[in-house]
Amino acid sequence: MRAASLPALRSLRCLRASTRRSSWHHLRCPARSEAVRHWYSSDSTSESGSSNSKPYYVTTPIFYVNAAPHIGHLYSMVVADVFKRWQQLKGVEAYLCTGTDEHGMKIQRAAEKAEVPAKQLCDENSAKFRDLAQAASIDNDFFIRTTDEDHKAAVGQFWLRLKHTVPEDFGIYKGKHQGWYCVSDECFYPEDVVQASIEPQTGKKIMISSETQNQVEWMEEETWFFPLTKYKQRLLDFYDANPDWITPRSRLHEVRNWVENNLEDLSVTRPVSRLTWGIRDPEDHTQTIYVWVDALINYMTKAGYGSKWHTSKEDTGIWPADMHVVGKDIIRFHAIYWPALLMALDMPLPKKILCHPHWTMSGRKMSKSIGNVVDPILAIERWGIDPLRYFLVRNGRSGTYAKDMEYSNQLMEAVYAKELQANIGNLFQRIARPKKAKWSTYEACRAYRDGKFELVTASEDDLAPLHKALSTTPPAVQTAMDELNTAEAIDVIFTLLKEANRAVALIKPWELANTCATDPSNESARAELNRAIFYFTESIRIAGILLQPIMPGKMDQLLESLGVAKDRRAFQHAVLGADDSYGLDQATLVERGATRKHPVPTETLFPPKAGIDDDQPGFSRKKSQGNLMYNTVKNLDAWEGPLEK
Ligand SMILES: *[C@@H]1O[C@H](CO)[C@@H](O)[C@H](O)[C@H]1NC(C)=O
């Protein structure tokens, strides 16, 4: 990059003289106190949510382009997308950034080995992640590549500010770096997390990182350093003031321990002699900026840093991020290096880090060498993206993000059959798509609007439990989602559906329908039928609205089939009776393919999948024909128990 071509950098050099004079003690003076407060207010602003007028901004990690996407990448994307859509459901403007991390030694070496230009290798692999985001219905506003020009400019500015605007001793300095370096992890490891090992293939003695088991080598070189140790107390104070900064909390404890015991200054460049594939220091041409510093800044690039704004005193747009979604392997970079770098520049810190565990298969971490990597594109082809999204976020087991999660086709099949087909699919099919059209959801909704029946008031009413579930579900879902607990939100929604299925079996609307058919003049029978159907339809409509962030495509299909208008699908509409004019009239039904034989066009929400075994424990097709099924998330958990490690 050409530093001189950036006007912002020119002004930076002027800034240099004045800021050099300031020292750390000036932190307490009024002029700077505002910026300082950013670090301490991050938690309280995220809790107040609606009082925060800034749009919601969530990020995924940017994915390293040295390998093809796996299910873990898909999971990170889906989690971020679900929370973006959740904010939108609540009426909050929201942005999502995902993308690819493309610099560094691993890419440089892979390109050399494949004898292709590094950029070409990146182009090819970045496209795979872009395609995955599309196939996964990720509603990303940005897809960043660290090889993009705007990002390189942002990194250049960030870098020069680290050099020239940070008070003495707190900015970067040049020093000699030596230590155990791991090529595949792209980082140095402190002495105490390095151990001797034997390479299985050769029997040769090697040194490895005890964290990742990857080989490390001794390296000495001249580089720039970020004085991380000087930020120790401020990091600790920040963690203590924001105990919920990381979900789950246990990760914050790990991070805090690490800061307390392992902090060292961070080497933030690599000699050009060793690494060329990266962003050059705009002034010191012998140095390439460390790939992690480069990568972390991506979150700010797309928030306008370096183009729309340059310091925290300006309008920082959607920055800070409301949430970084990261995997547990990269928590240290996000929870230690990143906040320290931001503190150095007086930048507001991200408000939240959601740190998720990994996916395992047969109890083992997925790895190419074991051959248990799940190809997300194949999984999407097999199951459809919505069932897969559902499966992934449902498995944020008990919402704690604490334990690794098990992926298997058997589990996926069970969830598909027992939760999607048997619970929501079955209810939808029976109530909204009755084969002989003995009732009509359109008519039931009109009967409600016209006051043909009363809602539940008495506790002995057969519909009373469902009435109660309808009123408690949306606030319970809101609480769960705001606590990032997708598993709990799903559980709450399925408790509602289970209650609706129970009420259908109890009330037997088909018997009421028979009475109506025998005596069409019986108004009270008609009203009773419509009242029951209205409650069942409302259960489907409200569950459908609430499940949109998780299964956007299927829930669009469901709400479309119910005739719910596009502008009546927000969280505020997920209230019993909040929408009294949905439903498809006869003319629309005919337009959509209704015939005399099939008065309501039949369509299946969750069609049978090849390979699903009807005789699995807990699921029987025969039983599902006679009775509605009430399988719940909890039942399934019990059934799959032995698979858990
Ligand atoms: C109308 O139907 C209800 C059942 O919903 C029944 O109890 C009632 O006796 C019926 N009325 C007449 C006049 O048949």
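Cut-off values and rules
- Residues numbered from 1 in each chain as written.
- Predicted model: local features only at pLDDT ≥ 70, side-chain atom pairs only at ≥ 80, totals over all residues.
- Heavy atoms only, no water.
- UniProt positions renumbered as here; feature names shortened; annotations may be inferred.
- Pairing = 2+ DSSP bridges.
- Helix = DSSP H or I, 4+ residues; strand = E, 2+ residues; numbered from the N terminus.
- Near = heavy atom within 4 Å.
- Polar contact = N/O pair within 3.5 Å; in protein donor to acceptor, adjacent residues only side chain to side chain.
- Areas by Shrake-Rupley, 256 points an atom, 1.4 Å probe, with all protein chains shown as cover.
- Nonpolar A, V, L, I, M, F, W, Y, C, P; charged D, E, K, R; others polar.
- Axes fitted to C-alpha atoms, helices over the stretch in contact; angles between N-to-C directions.
- Parallel < 35°, antiparallel > 145°, perpendicular 65-115°, else oblique.
- Contact = heavy atoms within 4.5 Å.
- Core = buried A, V, L, I, M, F, W, Y, C linked by side-chain atoms within 4.5 Å.
- Buried < 20%, exposed > 50% of the residue type's maximum accessible area, 1.4 Å probe, protein only.
- Arc of directions from axis to C-beta.

Going by the annotation in an unreviewed UniProt entry, the name recorded for the chain is Probable methionine--tRNA ligase, mitochondrial, with Sarocladium strictum given as the source organism. The UniProt entry for the chain carries the following comment under Catalytic activity (unreviewed entry): "tRNA(Met) + L-methionine + ATP = L-methionyl-tRNA(Met) + AMP + diphosphate". We quote the UniProt Sequence similarities (unreviewed entry) comment for the chain here in full: "Belongs to the class-I aminoacyl-tRNA synthetase family."

Draft legend 1. Quick peek at the sheet that holds strand 17 (residues 405–406). In spatial order, the strands read 16-15-17; together these 3 strands make up an open sheet with mixed pairing. A single partner strand is all that each edge strand has here, and the edge strands are strand 16 (364–365) and strand 17. Taken together, the 2 bridges between strand 15 (residues 359–361) and strand 17 define a ladder with parallel strand orientation. Within the sheet, the bridge partner assigned to Trp-359 lies in strand 17 and is Met-405.

Draft legend 2. Up close: the environment of Gly-304. Its location among the elements puts Gly-304 in the loop between helix 10 (298–301) and strand 13 (323–327). With 12 residues separating them in the primary sequence, Gly-304 and Thr-316 have C-alpha atoms 7.4 Å apart.

Draft legend 3. Quick look at the site of the ligand. Residues in close proximity to the ligand include Thr-515, Asp-519, Asn-522, Ser-524, Ala-525 and Glu-528, which together make up its full environment. The contact in question runs from an oxygen atom of the ligand to an N or O atom on the side chain of Asn-522, over 2.4 Å. Within the side chain of Glu-528, a nitrogen or oxygen atom sits 3.0 Å from an oxygen atom of the ligand. Protein burial of the ligand: of its 360 Å² of free accessible surface, 40% is covered by the chains. If one sorts the elements of the shell around the ligand by residue count, helix 19 (residues 523–546) sits on top with 3 residues. Across the shell around the ligand, the residue classes break down as 1 nonpolar, 3 polar and 2 charged.

Draft legend 4. Representation of the packing of helix 13 (residues 385–394) against helix 14 (residues 409–432) within the structure. The N-to-C vectors of helix 13 and helix 14 enclose an angle of 100°; their axes lie 10 Å apart at closest approach. Taken together, helix 13 and helix 14 sit at an angle that is classed as roughly perpendicular. Counting all contacts with helix 13, which are made through Pro-387, Leu-388, Tyr-390, Phe-391 and Arg-394, the residues of helix 14 involved are Leu-411, Met-412, Val-415, Tyr-416, Glu-419 and Leu-420. Across the contact of helix 13 with helix 14, the residue classes tally to 9 nonpolar, no polar and 2 charged.

Draft legend 5. Quick peek at the nonpolar core. The biggest cluster of nonpolar side chains holds 105 residues, and the ones touching the most others in it are Phe-83, Leu-392, Tyr-407, Leu-466, Phe-536 and Leu-558. Ranked by residues supplied to this core, first place goes to helix 19 with 12 residues. Apart from the residues lying within four places of it in its own chain, the contact partners of Phe-83 are Tyr-56, Met-323, Leu-354, Tyr-401, Met-481, Leu-484 and Thr-486. Residues Val-155, Trp-180, Ala-321 and Phe-333 belong to the second largest nonpolar core, which totals 72 residues.

Draft legend 6. Focus on helix 12 (residues 376–383). Among the residues making up helix 12, those that are buried are Pro-376, Ala-379, Ile-380 and Trp-383. On an axial view of helix 12, the arc spanned by its buried residues comes to 100°, and they lie on one face. Away from the buried face of helix 12 by more than 90 degrees, exposed residues Leu-378 and Glu-381 are located. Structurally, helix 12 contributes buried residues whose contacts are with helix 3 (71–89), helix 5 (118–135), helix 13 and helix 14. Backbone nitrogen of Ile-377 and a side-chain oxygen of the N-cap are separated by 2.8 Å at the start of helix 12; the cap is Asp-375. In the stretch just after helix 12, Gly-384 is the one whose phi turns positive, near 85°.

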